Amino acid sequence: AWNEGRSVTDPRAKALVDRAVGELALMHARLGHADQMEALFREMGNRPVIGPATEDIIAAKEGLWVKQGGPRAPKAP
């Protein structure tokens, strides 16, 4: 759905494509596919995501950030 619909402009179709890309990103995050997530986020560019997919994209981006090193707790003395 993402590959076929990324350029749609109809609001209802865009919401469906946003849902698909959100679920795809979240799946890659859960499976630890950092390279695929990075590629997907590059493909998405500055695409404004609407609806519930927003949370999936945020969760996937946070997962990628943590996988790439994210915040680390200070080492105990």
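Preceding this section is the structure that the text describes.
Residues numbered from 1 in each chain as written. Predicted model: local features only at pLDDT ≥ 70, side-chain atom pairs only at ≥ 80, totals over all residues. Heavy atoms only, no water.

K.L.:
Hey, could you run me through the packing of helix H2 (residues 11-31) against helix H3 (residues 34-44) in this one?
P.N.:
Packed helices, taken two at a time, are described by their axes: the angle between them and the distance between them. Interaxial distance between H2 and H3 falls to 9 Å at its minimum, and their mutual angle equals 155 degrees. As the angle between them shows, H2 and H3 are arranged roughly antiparallel. Between H2 and H3 lies a crossing of left-handed hand. In this structure, H2 uses Val21, Leu24, Ala25, His28 and Ala29 to contact H3, whose residues at the interface are Gln36, Met37, Leu40, Phe41 and Met44. (Axes fitted to C-alpha atoms, helices over the stretch in contact; angles between N-to-C directions. Helix = DSSP H or I, 4+ residues; strand = E, 2+ residues; numbered from the N terminus. Parallel < 35°, antiparallel > 145°, perpendicular 65-115°, else oblique. Left-handed = near helix turned anticlockwise from the far one by under 90°. Contact = heavy atoms within 4.5 Å.)

K.L.:
Sorry, what's going on with the environment of Lys14 here?
P.N.:
By the element assignment, Lys14 lies in helix H2. Exposure remark for Lys14: the relative accessible area of 14% places this residue in the buried category. Along the sequence, Lys14 and Ile50 sit 36 residues apart, while their C-alpha atoms lie 8.4 Å from each other. Excluding anything up to four places from it in sequence, Lys14 contacts Val8, Arg47, Pro48, Val49 and Ile50. (Buried < 20%, exposed > 50% of the residue type's maximum accessible area, 1.4 Å probe, protein only.)

K.L.:
Honestly, H3 in this entry has me stumped. Any pointers?
P.N.:
Each α-helix winds once per 3.6 residues, and so residues spaced three or four apart point in a common direction. Among the residues of H3, Ala34, Met37, Leu40, Phe41 and Met44 are the ones counted as buried. Across the axial projection of H3, the buried residues extend over an arc of 125 degrees, all falling on one side. With respect to the buried face of H3, the exposed residues turned more than 90 degrees away are Asp35 and Arg42. Its buried side turned inward, H3 meets helix H1 (2-5), H2 and helix H4 (53-67). (Arc of directions from axis to C-beta.)

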